[in-house]
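Breakdown of the fold
Each chain, written out:
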Amino acid sequence: MSLCALQLPELYLSSEGVEVMKRNLRTLMLAGLVGKVIYAASSLLVLPIYVQWLGVESVGLLGFFTTLLMLFMSMDGGLTAAITREIASLNARYPYKGKRYQVNLFGLSNTYFSAFAIMGGLICILIIVCAEVIAEQWLLAEGVPLSSVRHAILWMAVIIGFNFPTIIIQAALTGRE
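The text that follows walks through the structure, step by step, so that each part is easy to find. Just so you know, these numbers come straight off a predicted model, no measurement behind them.

The helix and strand inventory of the protein stands at seven helices and zero strands. If you list the helices and strands of the protein from N to C, you get α-α-α-α-α-α-α. For 177 residues, the compact-globule estimate of 2.2 N^0.38 gives 16 Å, and the C-alpha radius of gyration of the protein, at 22 Å, exceeds that figure by more than 25%. Considering only C-alpha atoms, the protein reaches an extent of 65 × 40 × 20 Å along its principal axes. Expressed as a percentage of its 177 residues, the buried residues of the protein come to 25%. Counting contacts in the protein only where the partners sit at least 6 residues apart, residues at least 24 apart contribute 69% of the total. Once the 11 positive and 10 negative side-chain charges of the protein are each reduced to a mean point, those two points are 15 Å apart.

Written out as structure tokens, the structure is:
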């Protein structure tokens, strides 16, 4: 028998347990879909207000920031899912959360966090080095002073750099649930 089969309560082995799991899955999927629809609709509804308050160029800078953030966040290579899976596996292997669990959890979390902090730092440095070229040659912001565009790009670099370790912390907390 496998370890997973030994730990499953009797409710999950019965047909009633399977039905409960299907209902929970449907509810979670529906809630996720509704959340995404509300997020998309609110983004579209708020856009004219952003343009009125900030101006077209500033909203364009926000769009550029979002694009950069998504581009670099897609470079995690599935490591956030891997740490979530590994920590959930540790939770299943060590149900009593003793010293061995804590040592394994610390080692795993620390390794991933260090790797992502280094990646975030390198990406932050890369964006800072390229900020001048991006501001002057890549972005065509005529209504915003060039110095403001440069400062915005520098802040984008810092936020993207700090976002890398943050997503690992979120993944680790998700795995602990």
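Time to look at the packing of helix α5 (residues 79-93) against helix α6 (residues 99-138). Relative to each other, α5 and α6 sit at 175 degrees, their axes nearing to 10 Å. When the axes of α5 and α6 are compared, the pair comes out roughly antiparallel. Residues L79, T80, A82, I83, E86, I87, L90 and N91 of α5 form the contact with α6, whose own contacting residues are Y101, N104, L105, L108, S109, Y112 and F116. The residue inventory of the contact of α5 with α6, partitioned by class, reads ten nonpolar, four polar and one charged.

When its volume is computed, the largest pocket comes out at roughly 230 Å³. Forming the boundary of the largest pocket are Y39, S43, L47, Y50, V59, L62, G63 and T66. At the level of secondary structure, the elements contributing two or more residues to the lining of the largest pocket comprise α3 (15-54) and α4 (56-73).

With 18 residues, α4 extends 26 Å between its outermost C-alpha atoms, agreeing within 8% with the 26 Å of an ideal straight helix rising 1.5 Å per residue. Those residues of α4 not exposed but buried are V59, L61, F64, F65, L68, L69, F72 and M73.

Turning our eyes to something else, we now look at a nonpolar patch on the surface. On the surface, L47, I49, Y50, V51, W53, L54, V56 and L62 cluster together to form a nonpolar patch covering roughly 770 Å² of accessible area. Secondary-structure elements contributing two or more residues to the nonpolar patch are α3 and α4. Per-element accounting of the nonpolar patch gives the leading share, six residues, to α3. Along the chain, W53 falls in helix α3. Residue classification places W53 among the exposed positions, given a relative accessible area of 70%.

Quick look at the pattern of salt bridges now. Pairing is possible between side chains that carry opposite charge, provided their charged atoms lie close to one another. Under the definition given, this model contains two salt bridges. A salt bridge links E132 to R150, with the shortest nitrogen-to-oxygen separation between them at 3.1 Å. Taken together, the positions of E132 in helix α6 and R150 in helix α7 (residues 146-176) put the pair 18 residues apart, joining distant regions of the chain. Judged by relative accessible area, E132 falls into the partly exposed class, the value being 36%. The partner of R150 in a salt bridge is E136, with the nearest N and O atoms 3.5 Å apart. Within this pair, whereas R150 is found in helix α7, its partner E136 is found in helix α6, the two being separated by 14 residues in sequence. Exposure remark for E136: the relative accessible area of 41% places this residue in the partly exposed category. One continuous salt-bridge network, built from bridges that share partners, spans E132, E136 and R150.

Our focus in this paragraph is the nonpolar core. The biggest cluster of nonpolar side chains holds 34 residues, and the ones touching the most others in it are I153 and I160. When contributions to this core are tallied by element, the ones reaching two or more residues are α4, α5, α6 and α7. Beyond its immediate chain neighbours, meaning those up to four positions away, I153 contacts I127, A131, I134, A135 and L139.

Rules of the game
- Residues numbered from 1 in each chain as written.
- Predicted model: local features only at pLDDT ≥ 70, side-chain atom pairs only at ≥ 80, totals over all residues.
- Heavy atoms only, no water.
- Helix = DSSP H or I, 4+ residues; strand = E, 2+ residues; numbered from the N terminus.
- Rg over C-alpha atoms; globule rule 2.2 N^0.38 Å.
- Buried < 20%, exposed > 50% of the residue type's maximum accessible area, 1.4 Å probe, protein only.
- Contact = heavy atoms within 4.5 Å.
- Lys, Arg positive; Asp, Glu negative; His and termini not counted.
- Charge placed at Lys NZ, Arg CZ, Asp CG, Glu CD.
- Axes fitted to C-alpha atoms, helices over the stretch in contact; angles between N-to-C directions.
- Parallel < 35°, antiparallel > 145°, perpendicular 65-115°, else oblique.
- Nonpolar A, V, L, I, M, F, W, Y, C, P; charged D, E, K, R; others polar.
- 1 Å grid on protein atoms, 1.4 Å probe; cavity = no way out; pocket = protein on both sides within 12 Å on 5 of 7 lines; lining within 4 Å.
- Points joined across faces, edges and corners; volume = space filled by probe spheres on them.
- Expected span 1.5 Å × (residues − 1).
- Patch = residues over 30% accessible without salt bridge, like charges linked within 9 Å, V, L, I, M, F, W, Y side chains within 5 Å.
- Areas by Shrake-Rupley, 256 points an atom, 1.4 Å probe, with all protein chains shown as cover.
- Salt bridge = Lys/Arg side-chain N within 4 Å of Asp/Glu carboxyl O.
- Core = buried A, V, L, I, M, F, W, Y, C linked by side-chain atoms within 4.5 Å.

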